[in-house]
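Structural characterization, general
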Amino acid sequence: DFGCVLNETSKKMRLLVTNVSKVVAYYNWSFMAPDDLAFQVIQEDANVEAEAKSSEGLIASHSANEIFDIVPIRGRLDPGEKEWIDFIFYGH
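Nothing here was measured: the structure is a model prediction, and the numbers come from that model.

1. Concerning the overall build of the protein
Each helix and strand counted, the protein has two helices and five strands in total. Helices (α) and strands (β) of the protein occur, in sequence order from the N terminus, as β-β-α-α-β-β-β. Every one of the 92 residues in the protein was classed for burial, and the buried ones make up 14%. Put simply, of all contacts in the protein between residues at least 6 apart along the chain, 75% involve residues at least 24 apart. Total accessible area on the protein is roughly 7500 Å²; 56% of this is exposed by carbon and sulfur atoms.

2. Focus on the environment of Leu 6
With respect to the helices, strands and loops of the structure, Leu 6 is situated in the segment before strand 1 (10-18). A relative accessible area of 65% means that Leu 6 is categorised as exposed. For the pair formed by Leu 6 and Gly 91, sequence separation is 85 residues and the distance between their alpha carbons is 5.7 Å.

3. What about the pattern of salt bridges?
Scanning the entire structure with this criterion turns up two salt bridges. Here Arg 14 ties to Asp 86 by a salt bridge, and the two come within 2.6 Å at their closest N and O atoms. Of this pair, Arg 14 sits in strand 1 while Asp 86 sits in strand 5 (residues 82-90); the two residues are 72 residues apart in sequence, bridging distant segments of the chain. With a relative accessible area of 13%, Asp 86 lands in the buried category. Residues Arg 76 and Asp 78 are paired through a salt bridge, measuring 2.8 Å at the closest nitrogen-oxygen approach. Residue Asp 78 is classed as partly exposed on the basis of its relative accessible area, which comes to 32%.

4. Comments concerning unusual backbone geometry
Geometrically, the link from Val 71 to Pro 72 is a cis peptide bond, its omega value of -5 degrees lying close to zero. Position of Pro 72 among the secondary structure elements: in the loop between strand 3 (68-71) and strand 4 (74-77). In the Ramachandran plot, Glu 8 falls in the positive-phi region, its phi being about 65 degrees despite a non-glycine side chain. Along the chain, Glu 8 falls in the segment before strand 1.

5. A short note on the packing of aromatic side chains
Under the criterion given, the structure shown has four aromatic pairs. When the ring of Trp 29 is compared with that of Phe 87, the centres are 5.2 Å apart and the planes differ by 85 degrees; the resulting orientation is edge-to-face. With Trp 29 in the loop between strand 2 (25-28) and helix 1 (46-60) and Phe 87 in strand 5, this residue pair connects regions lying 58 residues apart in the sequence. When the ring of Phe 68 is compared with that of Phe 89, the centres are 5.2 Å apart and the planes differ by 55 degrees; the resulting orientation is tilted. Of the two residues, Phe 68 sits in strand 3 while Phe 89 sits in strand 5, which places them 21 residues apart along the sequence. One aromatic cluster is present, formed by Phe 2, Phe 68 and Phe 89 through successive ring pairs.

What counts, and at which threshold
Counting of residues starts from 1 at the beginning of each chain's written sequence and follows it residue by residue. A pLDDT threshold of at least 70 governs which residues receive local features in this predicted model, and a stricter bar of 80 or more applies before side-chain atom pairs are shown or counted, although totals over entire chains, interfaces and linings include all residues. Excluding hydrogens and water, the side-chain values take into account all heavy atoms of the structure. Strands are runs of DSSP state E lasting at least 2 residues, helices are runs of H or I lasting at least 4, and numbering of each runs from the N terminus. Exposure categories follow from relative accessible area, calculated using a 1.4 Å probe and restricted to protein chains: below 20% of the type maximum is buried, above 50% is exposed, and the middle band is partly exposed. We call two residues contacting when some pair of their heavy atoms lies within 4.5 Å. Surface exposure here means Shrake-Rupley accessible area, sampled with a 1.4 Å probe, where a residue is shielded only by the protein chains that are shown. A carboxyl oxygen of Asp or Glu within 4 Å of a side-chain nitrogen of Lys or Arg is what we treat as a salt bridge. Each Phe, Tyr or Trp ring (for Trp, its six-membered ring) is paired with any other whose centre lies within 6.5 Å, and the angle between the two planes then decides the class: stacked below 30 degrees, edge-to-face above 60, tilted in between.

Pasting the structure below:
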């Protein structure tokens, strides 16, 4: 949870990841589009449908990489290796 983020500012949260296995671990972060999510909106009436369409327009006005950033986006961790991952949210 990034909490409140003012427009034209950003907030960074850090996560320390550790490869606790005995093999090399490769990772790659990606963003899922709303259509990819296992989420279904139940439209009960025309008002709900209209609200859903206006909400979709707000979300679609910025792509995921304009709202979030993950650094590094991909990498490799040897057994026992640790690395900090930065998750950044940009307020619009």
